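Inside the fold
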Amino acid sequence: QVQLVESGGGLVQTGGSLRLSCAGSGRSFSDYAMGWFRQAPGKEREFVANMNWSGDRARYSDSVRGRFTISRDNAKNAVYLQMNSLRPEVTAVYYCATVLHSGVWGPLEVYVYWGQGTQVTVSP
């Protein structure tokens with residue numbers, strides 16, 4: 001019954017910014033890691049960023065570090081992704097996800113609950 005719904009995607013020109021939101025329901029998210037992933041046309045889904053349950057630790061892929069920022073608000077069961085200095089290469093469907101078990105925040109394989117995704121398109 002865990003559900004995640006992404007929002008905030010859209011079309012932006014190179015150099016612009018977007019802020020993605022993910023609203024969760026079905027359980028308290030304060031004990032569970034959450035993450036952002038993306039899938040571009042013709043590519044496999046890849047890791048973007050994640051954050052541990054308490055919000056004091058985060059990981060980023062090398063390609064977005066310094067430009068994207070993940071944050072969360074456990075009171076709202078929400079996680080966010082601030083994306084700055086956008087380039088066409090980041091165009092993809094972005095998904096939020098969360099893990100099955102508390103106390104873990106590993107790679108893609110441990111994320112079992114997924115949202116439907118939100119499209120991010122960056123024009124040249």
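Everything here concerns the structure above.
Residues numbered from 1 in each chain as written. Predicted model: local features only at pLDDT ≥ 70, side-chain atom pairs only at ≥ 80, totals over all residues. Heavy atoms only, no water.

1. Quick look at unusual backbone geometry
The backbone of Asn77 shows a phi angle near 55 degrees, a positive value even though the residue is not glycine. Owing to a relative accessible area of 17%, Asn77 belongs among the buried residues under this scheme. Phi at Ser85 is positive, roughly 50 degrees, even though this residue is not glycine. (Buried < 20%, exposed > 50% of the residue type's maximum accessible area, 1.4 Å probe, protein only.)

2. Looking at the sheet that holds strand E7 (residues 68-73)
An order of E1-E3-E8-E7 is seen for the 4 strands of this open sheet, with the pairing classed as antiparallel. The sheet is open, and its two borders are formed by strand E1 (3-7) and E7, each paired with just one other strand. Between one strand axis and the next, the sheet turns by 15 degrees as a mean value, whatever way the strands run. With 6 bridges joining them, E7 and strand E8 (residues 78-83) adopt antiparallel strand pairing. Looking across to E8, one finds that Ser71 is bridged to Tyr80. (Pairing = 2+ DSSP bridges. Helix = DSSP H or I, 4+ residues; strand = E, 2+ residues; numbered from the N terminus. Axes fitted to C-alpha atoms, helices over the stretch in contact; angles between N-to-C directions.)

3. Quick word on the pairing of E7
Of the two faces of E7, the one holding Phe68, Ile70 and Arg72 is buried and the one holding Thr69, Ser71 and Asp73 is not buried anywhere. From the end of E7 to the start of E8, which pair antiparallel, there are 4 residues, and Asn77 there has a positive phi angle of about 55 degrees.

4. Looking at the packing of aromatic side chains
All chains considered together, the criterion is met by 3 aromatic pairs. Centroid distance Phe37 to Phe47: 5.9 Å. Interplanar angle 70 degrees. Geometry classified as edge-to-face. Pair noted here: Phe37 is in strand E4 (residues 34-39) and Phe47 is in strand E5 (residues 46-51), with a separation of 10 residues, a long-range link. Site record: aromatic cluster; members linked through ring pairs are Phe37, Phe47, Tyr111 and Trp114. The ring of Trp114 carries Arg45 above its face, with NZ or CZ at 4.7 Å from the centroid. Positioned above the aromatic ring of Phe47, the side-chain terminus of Arg59 is 4.9 Å from the ring centre. (Phe/Tyr/Trp six-rings, centres within 6.5 Å; stacked < 30°, edge-to-face > 60°. Lys NZ or Arg CZ within 6 Å of the ring centre and 35° of its normal.)

5. Points about the state of the cysteines
This structure, assessed with the given rule, holds 1 disulfide. Here Cys22 connects covalently by a disulfide to Cys96, the sulfurs 1.9 Å from one another. On the sign convention where negative is left-handed, the bridge of Cys22 and Cys96, at about 55 degrees about the S-S bond, is right-handed. Taken as a pair, Cys22 in strand E3 (residues 18-25) and Cys96 in strand E9 (residues 92-99) lie far apart in primary sequence, 74 residues in all. (Disulfide = S-S within 2.5 Å.)

6. Some words on the nonpolar core
The tendency in soluble globular proteins is for nonpolar side chains to be buried as a group. Core analysis: the biggest nonpolar cluster contains 26 residues, and Trp36, Phe68, Leu81, Met83 and Tyr94 have the highest contact counts within it. Looking at this core, the elements that each hand over two or more residues are E3, E4, E5, E7, E8, E9 and strand E11 (118-123). Each residue touching Tyr94, except ones within four places of it in the same chain, is listed here: Glu6, Leu20, Trp36, Phe37, Arg38, Val48, Phe68, Leu81, Met83, Gly117, Thr118 and Val120. (Core = buried A, V, L, I, M, F, W, Y, C linked by side-chain atoms within 4.5 Å. Contact = heavy atoms within 4.5 Å.)

7. Thoughts on the pattern of salt bridges
Two side chains of opposite charge can pair, provided their charged atoms sit close to one another. For the structure shown, the criterion picks out 3 salt bridges. Residue Glu46 pairs with Arg38 through a salt bridge whose shortest N-O separation is 2.8 Å. Using a relative accessible area of 6% as the deciding quantity, one classes Arg38 as buried. Across the salt bridge formed by Arg65 and Asp62, the nearest N and O atoms sit 2.6 Å from each other. Residue class for Asp62 comes out exposed when judged on its relative accessible area of 66%. (Salt bridge = Lys/Arg side-chain N within 4 Å of Asp/Glu carboxyl O.)

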